[in-house]
Amino acid sequence: VVIERFRREARAAASLKCPHTIELYDFGTADDGTFYFVMELLNGLDLRELVGRYGPLGAPRTVHFLKQACLSLAEAHERGLVHRDIKPSNLVACRMGVSVDYMKVLDFGLVKSAKDEDSVGRDLTSPDVTTGTPAYMAPEIAVGDTPVDHRADLNALGCVAFGMITGRDGCEGPTPIAVHTNHCRDVPPLPSNLSETAIPPQLDQVVLDCLAKDPAERPESALDLLGRLNALPVERWSAEAARKWWQLHLPERMMEGWESAPVEPGASEETRSIRPET
């Protein structure tokens, strides 16, 4: 059952074509029963490491990353897929060719089809087990009293936005249960009150709307959220600003050939990518 569940999730992830979604080349089961994925190699830092190492990102860069994440989620949601594990470590700021600060959404390991209502599908997705990361888990997932849809991902993205602006989680506690409780009960503070840089009140409101306890009070869709982000009075995070930041803080990642590895003598067989049937 577990293997079949991962196969379904891998096929779902492989079907997504948005360039801001991690590309899955192949998957299967090894001789020892281990299930594996073959994915593209990324050159960058996930948002947890980025914020942890360099501090809050400020409004322009935060909005820049959120817009790209919205594009990835919009495609998944249109296909009836809910990610269910959006968090900083699953959002990677990459260098892709000459572009930097290029967002990739990864780890669809907890993805669930909102359209799959057959009994086999329910057995494979284990509805009686709460899965996810407490600080980024929508209240309806933690409580389990209402159906979970795409708006759970928007709630988690709001948590990520809060962290990019403030450098801290919106919900904290000594134990996972305490974090669950705080996330379901407490109203988070305005991000601008915890930021050392100027945050427009409109961005505050967008983040708080995503963090609403009631899914009906959140943005209707990832595209709706994208539209609201595009309308914000926030200075655009330009390609030039992004390149200057990378050249200052991550110069080694700007070098060509960073991903190259020595070739063993006699290893002349070409590698190939296999796309799964979806």
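Residues numbered from 1 in each chain as written. Predicted model: local features only at pLDDT ≥ 70, side-chain atom pairs only at ≥ 80, totals over all residues. Heavy atoms only, no water.

Student: Mind laying out the overall build of the protein, listing which residues take part and the relevant values?
Tutor: Of the regular secondary structure elements, the protein holds ten helices and seven strands. Burial status across the protein gives 46% buried among its 278 residues. When contacts within the protein are restricted to residue pairs at least 6 apart in sequence, those whose partners lie at least 24 apart make up 71%. (Helix = DSSP H or I, 4+ residues; strand = E, 2+ residues; numbered from the N terminus. Buried < 20%, exposed > 50% of the residue type's maximum accessible area, 1.4 Å probe, protein only. Contact = heavy atoms within 4.5 Å.)

Student: A description of the pairing of strand E5 (residues 91-96) should follow, citing residues and the corresponding values.
Tutor: With five of six residues buried, E5 is to be regarded as a mostly interior element. Inspection of the sheet shows strand E3 (residues 44-46) paired to E5 by three bridges, in the antiparallel sense. Each bridged residue has a counterpart across the sheet, and for Leu45 the counterpart in E5 is Ala93. Here E5 folds back onto strand E6 (residues 99-105) in antiparallel fashion, the turn holding two residues, of which Gly97 has a positive phi close to 65 degrees. (Pairing = 2+ DSSP bridges.)

Student: Go over the state of the cysteines with me, naming the residues and quoting the values.
Tutor: As enumerated under the stated definition, the model contains zero disulfides in all. Unpaired in terms of disulfides, Cys70 finds its nearest cysteine sulfur in Cys210, a separation of 7.5 Å. (Disulfide = S-S within 2.5 Å.)

Student: Residues and numbers for helix H8 (residues 201-210), please.
Tutor: Within the span of H8, buried status applies to Leu203, Asp204, Val206, Val207, Asp209 and Cys210. On the buried face of H8, the contacting elements are helix H3 (59-78), helix H6 (151-166) and helix H9 (222-230).

Student: Please provide a residue-by-residue account of the packing of aromatic side chains, values included.
Tutor: Evaluated as defined, the whole model comprises three aromatic pairs. Where Phe27 meets Phe35, the ring centres are 6.2 Å apart and the plane angle is 35 degrees; that geometry is what we call tilted. You can call Phe27 buried: its relative accessible area is 11%. Taken together, a centroid distance of 5.4 Å and an interplanar angle of 80 degrees make the contact between Phe35 and Phe37 edge-to-face. (Phe/Tyr/Trp six-rings, centres within 6.5 Å; stacked < 30°, edge-to-face > 60°.)

Student: Would you mind going over the packing of H3 against H6 in detail, with residue names and values included?
Tutor: Direction vectors running N to C along H3 and H6 enclose 165 degrees, while the axes themselves pass 11 Å from each other. It follows from the interaxial angle that H3 and H6 lie roughly antiparallel. Considering only the axes of H3 and H6, their crossing is right-handed. Packed against H3, whose contacting residues are Thr62, Phe65, Leu66, Ala69, Cys70, Leu73 and His77, the element H6 presents Asp153, Leu154, Leu157, Ala161, Met164 and Ile165 at the interface. When its residues are assigned to classes, the contact of H3 with H6 shows ten nonpolar, two polar and one charged. (Axes fitted to C-alpha atoms, helices over the stretch in contact; angles between N-to-C directions. Parallel < 35°, antiparallel > 145°, perpendicular 65-115°, else oblique. Left-handed = near helix turned anticlockwise from the far one by under 90°. Nonpolar A, V, L, I, M, F, W, Y, C, P; charged D, E, K, R; others polar.)

Student: Account for the sheet that holds E5, naming residues and giving values.
Tutor: One open sheet accounts for three strands, arranged E3-E5-E6; its pairing is antiparallel. Strands with a single pairing partner mark the edges of an open sheet, and in this sheet they are E3 and E6. In this sheet, adjacent strand axes meet at a mean angle of 25 degrees when their direction is disregarded. Most of the contacts of H3 go to E6, to which it runs at about 45 degrees, and overall it touches E5 and E6.

Student: I'd love a proper account of H9, names of residues and values included.
Tutor: All of the buried residues in H9 are Ala222, Leu225, Leu226 and Leu229. Projection of H9 onto a plane perpendicular to its axis shows the buried side chains occupying an angular sector of 105 degrees, all on one side. Contacts from the buried residues of H9 go to H3, H6 and H8. (Arc of directions from axis to C-beta.)

Student: So what's going on with the nonpolar core? Residues and values would help.
Tutor: Counting 58 residues, the largest nonpolar core has Leu91 and Leu157 as its most contacted members. The residues touching Leu157, leaving out its near neighbours within four places in the chain, are Leu66, Ala69, Cys70, Leu73, Ile86, Leu91 and Leu225. Among the nonpolar cores identified, the runner-up in size contains five residues, and Leu42, Val92, Cys94 and Leu106 belong to it. (Core = buried A, V, L, I, M, F, W, Y, C linked by side-chain atoms within 4.5 Å.)

Student: Talk me through the packing of H8 against H9; I want residue IDs and the actual numbers.
Tutor: Look at H8 against H9: their axes get within 10 Å of each other, and the N-to-C directions meet at 165 degrees. The orientation of H8 with respect to H9, classified from their angle, is roughly antiparallel. Crossing handedness for the pair H8 and H9: left-handed. Contacts between H8 and H9 pair Gln205, Val206, Asp209 and Cys210 from the former with Leu225, Arg228 and Leu229 from the latter. Looking at the contact of H8 with H9 residue by residue, the classes come out as four nonpolar, one polar and two charged.

Student: Got a sec to walk through the side chain of Asn90? Specific residues and values, please.
Tutor: Relative to the elements of secondary structure, Asn90 occurs in the loop between strand E4 (81-82) and E5. Excluding its chain neighbours within four sequence positions, the residues that come into contact with Asn90 are His83, Asp85, Lys104, Val105, Leu106 and Asp107.

None of this, on its own, says anything about what the molecule does.
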